[in-house]
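Residue-level structural notes
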Amino acid sequence: MKNKIITLFYFCFSVSLSFSQSKKPNIIFIMADDLGWQDVGFMGSKWFETPNLDKLANESLVFTNAYMYPTCSPSRTALLTGRQSFRTGVYTVPVLEKGDDQSNIFSRWTVGHEHPVYAEPLNEAGYKLIHLGKWHIVGPNPDREKEYPFKQKLTQPDNGDFSWVEKHQQEYRQYYPEGRGFHENVGGTWWGDPARGYPEGYKSESGGYKAPFKNPFIDDKPDDEWLTDRLTDEAIDFIQRNKEEPFFVNLHFYAPHRPIVPRSKEGYQKFMAKAPDSITGQGGQKNREEIAGYATMIASIDENVKRIFDYLDQAGLHKNTIVIFTSDNGFNGLTSHSNALRGAKGSVYEGGIRVPAFINWPEKVKAGITNVPISGMDYFPTFLELADIRDYTGTLDGNSLMPLLKGKTMKERPLFWHIASTYIDPPCSIIRKGKWKLIQFLNDGKVELYKLEDDLKESKNLAEVNKTVAKSLLDELTTWRRENKVPLPPASILKY
């Protein structure tokens, strides 16, 4: 009898072990807002302090050539849909656009259901999903986006105006996370920054980062203090409630997007007194007060990411959880700096589109560094492969990163951007392939060519010096536009 009990125990144990090993991996996608490529220690910063992220990066696969679009709206749209901007019509943040409807194709704001987001197939595959923080793929007035292309750029309500809330909680809810496959939403709305709940906006003491947050999609709690902490609390609570089944946490921190609100007086004073970094130039800008406050917000992200990993370890979930950390675009030039890169947020140069990124998965993803260029659109197909979803038929413009995560190579491929409206730079298309990057401006057809391997600062336009390379890349870029019927501004001199 005793032997039978022992045999039964081992049988049950083996079945349980087999089940746990076959369980789909949990996925946590953490994205900071406006965190620059070199605003973290693991990408070379000696001034900003990110000890926890640096330690995690040392245990992860770090991507030195990770890219997004240069502003948040197209980045988040491309990320969530896996599709290029010309398919969705989201080229930049609508209210930032400059010029007229002839030299630009003004951007949409709301992403319709004809463009599924990755939560939808993951939901169908059995995942429990939550979105936390910045959403920004719905506009404040979706009904005004029906007649496209627009004659005028889209607008937004004034700070402190809540007249839109009722419609957004009812008929426009379909464009919110719960209408797009997520089971829960904490803080996601049309807002690009958290200060919009205050009439004073950026000038308010809270900035939306200190409680009360005044976000209609975050219920106030008595112990609220700091927005980044609250979003992390909610993420951990969701994991705790759903740890028995595969979960997906879409944690998009609002930080460190402006307004800059120091996390603590002590941290602020520490950075105010810290000597600038002579290599990156960080900490040496004139607006030192803002930069010191920005540094405390980065430190808060660092601490909160550690909290998530600590909970995963405590709950025994770390081994079956893949965690991705990145940013939505390059650094804001008002709050950071990098001597290594040209441009900043909004710019089509490396300072605007290159972002920090790592992927952590114990015993599954080998720690190291890869220089393979990747795009924000690569995450959607990666999620599908992780979840073993093989029947998705929607259009995807990225490639799964699983070969790299398995220690294999990826075939060299070009990365493309198409930005048909003006914010910082004129409308343009970009191709990045190997060591080269070519930009073609859409209205006048002018071309710039940079050899990033030797000139990361993009200081030498080699279009006239390396005409063969320029022609080859331009032909590939033009073919891409022609084959995909990519729209051009009405004033463009280009045929396609």
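Residues numbered from 1 in each chain as written. Predicted model: local features only at pLDDT ≥ 70, side-chain atom pairs only at ≥ 80, totals over all residues. Heavy atoms only, no water.

**Regarding the overall build of the protein**
In terms of regular secondary structure, the protein is built from 13 helices and 15 strands. C-alpha extents for the protein along the principal axes are approximately 85 × 50 × 50 Å. When each of the 496 residues of the protein is scored for burial, the buried share is 59%. On the protein, roughly 20900 Å² of surface is accessible, and the fraction owed to carbon and sulfur atoms is 51%. In the protein, which carries 62 positive and 63 negative side-chain charges, the distance between the mean positions of the two groups comes to 5 Å. (Helix = DSSP H or I, 4+ residues; strand = E, 2+ residues; numbered from the N terminus. Buried < 20%, exposed > 50% of the residue type's maximum accessible area, 1.4 Å probe, protein only. Areas by Shrake-Rupley, 256 points an atom, 1.4 Å probe, with all protein chains shown as cover. Lys, Arg positive; Asp, Glu negative; His and termini not counted. Charge placed at Lys NZ, Arg CZ, Asp CG, Glu CD.)

**Details of the layout of surface pockets**
There is about 400 Å³ of room inside the largest pocket. Along its surface, the largest pocket is lined by 21 residues, and Leu96, Tyr202, His257, Lys345 and Tyr423 are the ones closest to its centre. A class-by-class count of the residues in the lining of the largest pocket yields eleven nonpolar, six polar and four charged. (1 Å grid on protein atoms, 1.4 Å probe; cavity = no way out; pocket = protein on both sides within 12 Å on 5 of 7 lines; lining within 4 Å. Points joined across faces, edges and corners; volume = space filled by probe spheres on them. Nonpolar A, V, L, I, M, F, W, Y, C, P; charged D, E, K, R; others polar.)

**Describing unusual backbone geometry**
For the bond running from alanine 211 to proline 212, omega is 0°, close enough to zero to count as cis. Counting through the fold element by element, proline 212 comes out in the loop between β5 (184-186) and α7 (227-242). With an omega of 0°, the peptide bond between alanine 255 and proline 256 qualifies as cis. Within the secondary structure, proline 256 sits in the loop between β6 (247-252) and α8 (265-272). Not every positive phi belongs to a glycine, and glutamate 363 is a case in point at roughly 65°. As for its placement among the helices and strands, glutamate 363 is situated in the loop between β9 (357-360) and β10 (368-370).

**Some points on helix α9 (residues 288-314)**
When the terminal C-alpha atoms of α9 are compared, their 39 Å separation across 27 residues agrees well with the 39 Å that a helix rising 1.5 Å per residue should span. Where burial is concerned, most of α9 is hidden: 19 out of the 27 residues are buried. Among the residues trailing α9, glycine 316 stands out with phi positive, at a value near 70°. (Expected span 1.5 Å × (residues − 1).)

**A few points about the nonpolar core**
As a rule of thumb, nonpolar side chains are buried together in soluble globular proteins. The biggest cluster of nonpolar side chains holds 108 residues, and the ones touching the most others in it are Tyr118, Val249, Tyr379 and Phe383. Residue contributions to this core peak at twelve residues, all from α9. Ignoring sequence-local partners within four residues, the contact set of tyrosine 118 consists of Phe29, Leu79, Leu80, Phe182, Phe248, Asn250, His252, Phe380 and Phe383. (Core = buried A, V, L, I, M, F, W, Y, C linked by side-chain atoms within 4.5 Å. Contact = heavy atoms within 4.5 Å.)

**Considerations on the environment of proline 490**
Within the secondary structure, proline 490 sits in the segment after α13 (467-483). The sequence separation of proline 490 and lysine 467 amounts to 23 residues, and the corresponding C-alpha distance is 28 Å. Among all residues touching proline 490, those that are not within four sequence positions of it are Asp101, Gln102 and Asn104.

**Here we look at the sheet that holds strand β4 (residues 128-133)**
Spatial strand order, β5-β4-β6-β1-β7-β9-β2-β10: eight strands in an open sheet with mixed pairing. Strand pairing shows two members of the sheet lacking a second neighbour, β5 and β10, which therefore form its edges. Pairwise comparison of adjacent strand axes, ignoring direction, gives a mean angle of 15° for this sheet. Pairing between strand β2 (residues 61-63) and β9: two bridges, direction antiparallel. From the neighbouring strand, valine 62 faces β9, where its bridge partner is phenylalanine 358. (Pairing = 2+ DSSP bridges. Axes fitted to C-alpha atoms, helices over the stretch in contact; angles between N-to-C directions.)

**A short note on the pairing of strand β14 (residues 436-441)**
Across the six residues that make up β14, a large majority, six, are buried. Alternating residues of β14 divide into Trp436, Leu438 and Gln440 and Lys437, Ile439 and Phe441, and every residue in both groups is buried. In this structure, strand β13 (residues 428-433) lies alongside β14, joined through six bridges in antiparallel fashion. Counterpart to arginine 432 in the pairing with β14 is lysine 437.

**Points about the pairing of β4**
Successive residues of a regular strand alternate their side chains across the two faces of the sheet. The buried fraction of β4 is high, at five of six residues. Both β4 and β6 contribute to a ladder of six bridges, which runs parallel. Pairing of leucine 132 across the sheet is with leucine 251, part of β6. In this sheet, β5 lies alongside β4 in parallel orientation, the contact comprising three bridges. Paired with histidine 131 across the strands is asparagine 185, a residue of β5.

**Observations concerning the sheet that holds β14**
Strands sit in the order β12-β13-β14-β15 across an open sheet of four strands; the sheet is antiparallel. Among the strands making up the open sheet, the edge pair consists of β12 (415-419) and β15 (447-451). With strand direction ignored, the average angle separating the axes of adjacent strands in the sheet is 10°. Where β12 meets β13, five bridges bridge the pair, whose relative direction is antiparallel. When the bridges of β13 are listed, tryptophan 417 appears paired with isoleucine 430. Where α13 meets the sheet, it contacts β12, β13, β14 and β15, and its direction lies at approximately 60° from that of β14.

**Examining the side chain of asparagine 104**
Within the secondary structure, asparagine 104 is located in the loop between α4 (85-88) and α5 (119-124). In terms of polar contacts, asparagine 104 uses its side chain to reach the side chain of serine 103, at 3.2 Å. Within the structure, asparagine 104 has its side chain in polar contact with the backbone nitrogen of threonine 422 (distance 2.6 Å). In this view, asparagine 104 contacts Lys98, Gly99, Ala420, Ser421, Thr422, Pro427, Pro489 and Pro490; residues no more than four positions away in its chain are not counted. (Polar contact = N/O pair within 3.5 Å; in protein donor to acceptor, adjacent residues only side chain to side chain.)

**Section: the packing of aromatic side chains**
The description of an aromatic ring pair uses the distance of the two centres, along with the angle that the planes make with each other. Applying the stated rule across the entire model yields 26 aromatic pairs. Residues tyrosine 67 and tryptophan 417 carry aromatic rings whose centres are separated by 5.2 Å and whose planes lie at 80° to one another, so their mutual orientation is edge-to-face. Taken as a pair, tyrosine 67 in strand β3 (residues 66-67) and tryptophan 417 in strand β12 lie far apart in primary sequence, 350 residues in all. Classification of tyrosine 67 as buried rests on a relative accessible area of 2%. Both rings, one in tryptophan 164 and one in tryptophan 191, keep their centres 6.1 Å apart while their planes meet at 70°; by these two values the pair is edge-to-face. Here tryptophan 164, found in the loop between β4 and α6 (165-169), pairs with tryptophan 191, found in the loop between β5 and α7; they are 27 residues apart in sequence, far enough to count as distant. (Phe/Tyr/Trp six-rings, centres within 6.5 Å; stacked < 30°, edge-to-face > 60°.)

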